[in-house]
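Chain and residue survey
For reference, the chains in residue letters:
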Amino acid sequence: MDSDIVSSSVDRSQTAMPDALAFKSINDPIKNQINSCAAICVKQDDPCHFLRVLYESLITGGLAGVVVEAALYPIDTIKTRVQVARDGGKIIWKGLYSGLGANLVGVLPASALFFGVYEPTKQKLLKVLPENLSAVAHLAAGALGGAVSSIVRVPTEVVKQRMQTGQFVSAPDAVRLIIAKEGFGGMYAGYGSFLLRDLPFDALQFCVYEQLRIGYMLAARRDLNDPENAMIGAFAGAVTGVLTTPLDVIKTRLMVQGSGTQYKGVSDCIKTIIREEELRHCITGNGSKDIVDSSTTWNPTWTNRAAAEAETVASFSCSGHGRAFVDGLGVLDGQKPPCECNNCYIGKDCSVLLKDCPVDANSGDPLFLEPFWMRQAERSAVLVSGWHRMSYIYEDGTYVSRELEKVIRKLHSVVGNAVTDNRFVIFGSGTTQLLAAAVHALSLTNSSVSSPARLLTSIPYYAMYKDQAEFFDSAHLKFEGDASAWKQSGRNDNITQLIEVVTSPNNPDGKLKRAVLDGPNVKTLHDYAYYWPHFSPITHPVDEDLSLFSLSKTTGHAGSRFGWGLVKDKAIYEKMDRFIRLTSMGVSKETQLHVLQLLKVVVGDGGNEIFNFGYGAVKKRWETLNKIFSMSTRFSLQTIKPEYCNYFKKVREFTPSYAWVKCERPEDKNCYEIFRAAKITGRSGNVFGSEERFVRLSLIRSQDDFDQLIDMLKKFVYQEAVPSENFMYI
Ligand SMILES: Cc1ncc(COP(=O)(O)O)c(C=O)c1O
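Residues numbered from 1 in each chain as written. Predicted model: local features only at pLDDT ≥ 70, side-chain atom pairs only at ≥ 80, totals over all residues. Heavy atoms only, no water.

Listed in UniProt under the heading Cofactor (unreviewed entry), the comment for the protein chain reads: "pyridoxal 5'-phosphate". Its UniProt record gives the protein chain a comment under Subcellular location (unreviewed entry), which states: "Plastid, Chloroplast membrane". (UniProt positions renumbered as here; feature names shortened; annotations may be inferred.)

Below is the structure:
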């Protein structure tokens, strides 16, 4: 089937010939004087005649448009899908009436407007122009009719084509989402190209139609019957369709892209199509190589709906104090995305800041990196299809994406923080799962029920080590606490299995740490969650038997639950792998895909952007904090000597994730409570095996959290330190 010719002609449905009207004019008293083109179309100079023509044109034109649109709509849908498909894209044959109802609502007034302008204009022009210029009257009337009706035709066409290409399922949704996301202008996307295609089309088609009829009648010396009029109409539509198809392709591409940026305008669209597709596509309107019946193939625009949804949600700024998410409450049911407000902000758009609201400086949720990822929206986004990696395993039978493994090795090589040669890479649902896997694997070596392996670490330590060991309550493992105390106690018999966890930089105090214990019975597990340039100078590439890293602190994506380990020993790796398999059968494939995309952004420029951003942000926070605490004798912060950073190639200060605050006054025994009374919630020192005289304040949460922390600290710390008139200097 020559779909191009059919499609191009049917697309004119909105301006279908009102044949009833044509016959009315032919059967009038002057029909026998067929000696002039103009005479066929012009009636007597009755003053009411103009209004009658206008009225009849509106009614008959509108009805004709609706009938033709309804009859030929499926062919028009196929035409639109063919024009949108690129090389190799396949055409879906389902939903060929998608958008018809809404379209008819627009077609009726559009056709009425067209003929309401076309007929009277034509008749006026035929009266004033010489007979041999009747074609000019038809051309001008067609173009004017097209221009006026475009006010209604363009939004109708935008909604129709975006429904035909599967971007929206209902017209009200389409209108709502287009206006929400692209503004009212979105309803007029591709207006220029529409006029570029439609004005020539309208002018040409009606001129060809009218001139052919005139010629036919002159030759036949009689009036035309219905089939003859229909044939001439179809022929005129086909000829005009062939001539204007390239313009139609451009119009469709621009209308369907909406606010997308694939084409920057008409000339860019032409150049891109010519450059990226073959010129014949522009002429035929078909970018696809094969058109197949398909229940198993896809609509090439299947991504558009997901993209539109994601972008609509992203466009909600929530006053900069919250965020809307695609999986927010009700969004998946098509509701407006609600704002999830940052701590202390309330209201529909998170614009109201609660006064004297308690500050959350507790968890290490690294939202300080969120602005970086918002800047990287395009590069970091992944679209997950419904059929994405449904299997448990990858092609090689493992749970591990080899692509991701490669990128992780590359990441360590660009940052220079770990040796990955001769190491197995193991993935886990966060370092949290890998810690359990590693302790399990290490504790199985030479331990027994009567002599379980002892888990030791340095105070202050990350509480998870103790909590996990106690929670799993394994016969093979016992949490023993401080490694230095064990060493000094002389309890080491060189037989009992010892597992020392070394956290470097340490949580909570940010210091670089080394193992305390050694001996044939000691296994060391290194937690390097914070060994990244945001927080610490990169002094050397670590080269340990077992090191763990966390995506949470590398990119800030704590919610993705991803971590990895570098393991030297095959037997340990296999035990850890078994643990991961038995507890979760590997890491989710969606997470691995997402992490791959994120880390590709990181390594893309050698980590330059993210680590400069991260270091800059935390450094600024530390400077602000130090300024405040430097005025206090009641509280002190940890200090760490600067070191040379191989990554930034300079000596730099440490910029730890947490302030490890000490309450110096003897009476301030419970530092956590002291801060809590000042409406700042941190984490007590005893959670880290340390004294209650310490409290940890998180510095890596959102900017709002940090700003609130600073505001409260200013009031609290400064009040105690300086006379009130000096407050303003901070
Ligand atoms: C030292 C340390 N290790 C591990 C983790 C847990 O990391 P993940 O989010 O990858 O489970 C944290 C989290 O704060 C941490 O501070």
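That was the structure; now back to the text.
**Regarding the sheet that holds strand E19 (residues 694-698)**
Spatial strand order, E13-E16-E19-E18: 4 strands in an open sheet with antiparallel pairing. The open sheet has two free edges, formed respectively by strand E13 (635-636) and strand E18 (683-684), since each of these has just one partner strand. Relative to E19, E18 runs antiparallel, the two being bridged by 2 bridges. By the bridge assignment, Ser684 is partnered in E19 with Val695. (Pairing = 2+ DSSP bridges. Helix = DSSP H or I, 4+ residues; strand = E, 2+ residues; numbered from the N terminus.)

**A closer look at the packing of helix H5 (residues 100-128) against helix H8 (residues 191-220)**
As a packed pair, H5 and H8 sit with axes 13 Å apart at the nearest point and diverge in direction by 55°. Regarding the angle of H5 to H8, the classification is oblique. Crossing of H5 over H8 shows right-handed handedness. Contact residues: H5 offers Phe114, Phe115, Tyr118 and Lys122, while H8 offers Asp202, Phe206 and Glu210. Among the residues forming the contact of H5 with H8, the class breakdown is 4 nonpolar, no polar and 3 charged. (Axes fitted to C-alpha atoms, helices over the stretch in contact; angles between N-to-C directions. Parallel < 35°, antiparallel > 145°, perpendicular 65-115°, else oblique. Left-handed = near helix turned anticlockwise from the far one by under 90°. Contact = heavy atoms within 4.5 Å. Nonpolar A, V, L, I, M, F, W, Y, C, P; charged D, E, K, R; others polar.)

**Describing the packing of aromatic side chains**
Summed over the entire model, instances satisfying the criterion amount to 34 aromatic pairs. Look at Trp660 and Phe688: their rings are 5.5 Å apart centre to centre, the planes differ by 80°, and that puts the pair in the edge-to-face class. Here Trp660 is found in strand E16 (residues 658-663), whereas its partner Phe688 is found in the loop between E18 and E19, with 28 residues between them in sequence. For the pair Trp660 and Phe688, a shared accessibility class is recorded, and that class is buried. (Phe/Tyr/Trp six-rings, centres within 6.5 Å; stacked < 30°, edge-to-face > 60°. Buried < 20%, exposed > 50% of the residue type's maximum accessible area, 1.4 Å probe, protein only.)

**A look at the sheet that holds strand E11 (residues 546-550)**
With respect to topology, 7 strands assemble into an open sheet ordered E6-E12-E11-E10-E9-E7-E8, the strand pairing being mixed. In this open sheet, the two strands that pair with only one neighbour each are strand E6 (424-428) and strand E8 (477-482). Going across the sheet, the axis of each strand differs from the next one's by a mean of 25°, ignoring polarity. Looking at chain direction, E6 and strand E12 (residues 563-567) are connected through 5 bridges and run antiparallel. When the sheet's bridge partners are listed, Phe424 is paired in E12 with Val567.

**Considering the pairing of E16**
For E16, a buried count of 5 out of 6 residues is recorded, marking the element as mostly surrounded by other parts of the structure. Across 2 bridges, E13 lies against E16 in antiparallel orientation. From the neighbouring strand, Ser636 faces E16, where its bridge partner is Lys662. Sheet topology note: the E16/E19 ladder contains 5 bridges and is antiparallel. Following the sheet pairing, Lys662 is matched in E19 by Phe694.

**Quick look at helix H22 (residues 608-629)**
If you check H22, its first and last C-alpha atoms are 31 Å apart, about what 22 residues at 1.5 Å a residue would give, namely 32 Å. All of the buried residues along H22 are Ile610, Phe611, Phe613, Gly614, Tyr615, Ala617, Val618, Arg621, Trp622, Leu625, Ile628 and Phe629. (Expected span 1.5 Å × (residues − 1).)

**A short note on the pattern of salt bridges**
If you walk through the whole model with that rule in mind, you get 29 salt bridges. Its salt-bridge partner being Asp396, residue Arg402 comes within 3.0 Å of it at the nearest N-O pair. Judged by relative accessible area, Asp396 falls into the partly exposed class, the value being 42%. Salt-bridge contacts for Glu480 lead to Arg454; the nearest nitrogen and oxygen are separated by 3.2 Å. Placement of Glu480 in strand E8 and of Arg454 in strand E7 (residues 453-457) is noted, with a sequence separation of 26 residues between them. (Salt bridge = Lys/Arg side-chain N within 4 Å of Asp/Glu carboxyl O.)

**Comments concerning the site of the ligand**
Taken together, 14 residues are adjacent to the ligand, and Thr431, Thr432, Asp527, Tyr530 and Ser552 come closest. Thr432 has a polar side-chain atom sitting 2.5 Å from an oxygen atom of the ligand. Contact distances for the ligand include 2.8 Å between an oxygen atom and a side-chain N or O atom of Asn507. Considered on its own, the ligand offers 400 Å² of accessible surface; in the complex 93% of this is hidden by protein. In this structure, the ligand is accommodated by the second largest pocket. At the level of secondary structure, the elements contributing two or more residues to the shell around the ligand comprise helix H16 (430-443) and helix H19 (551-554). (Near = heavy atom within 4 Å. Polar contact = N/O pair within 3.5 Å; in protein donor to acceptor, adjacent residues only side chain to side chain. Areas by Shrake-Rupley, 256 points an atom, 1.4 Å probe, with all protein chains shown as cover. 1 Å grid on protein atoms, 1.4 Å probe; cavity = no way out; pocket = protein on both sides within 12 Å on 5 of 7 lines; lining within 4 Å. Sits in = over half its atoms within 2 Å of the grid points.)

**A word on the nonpolar core**
By size, the foremost hydrophobic cluster in this structure holds 71 residues, and its most contacted members are Trp564, Phe675 and Leu713. Per-domain counts for this core show at least three residues from each of domain 3 (402-605) and domain 4 (610-729). With 27 residues, the next largest nonpolar core counts Leu442, Tyr461, Val501 and Leu525 among its residues. (Core = buried A, V, L, I, M, F, W, Y, C linked by side-chain atoms within 4.5 Å. Domains from an automatic or database assignment.)

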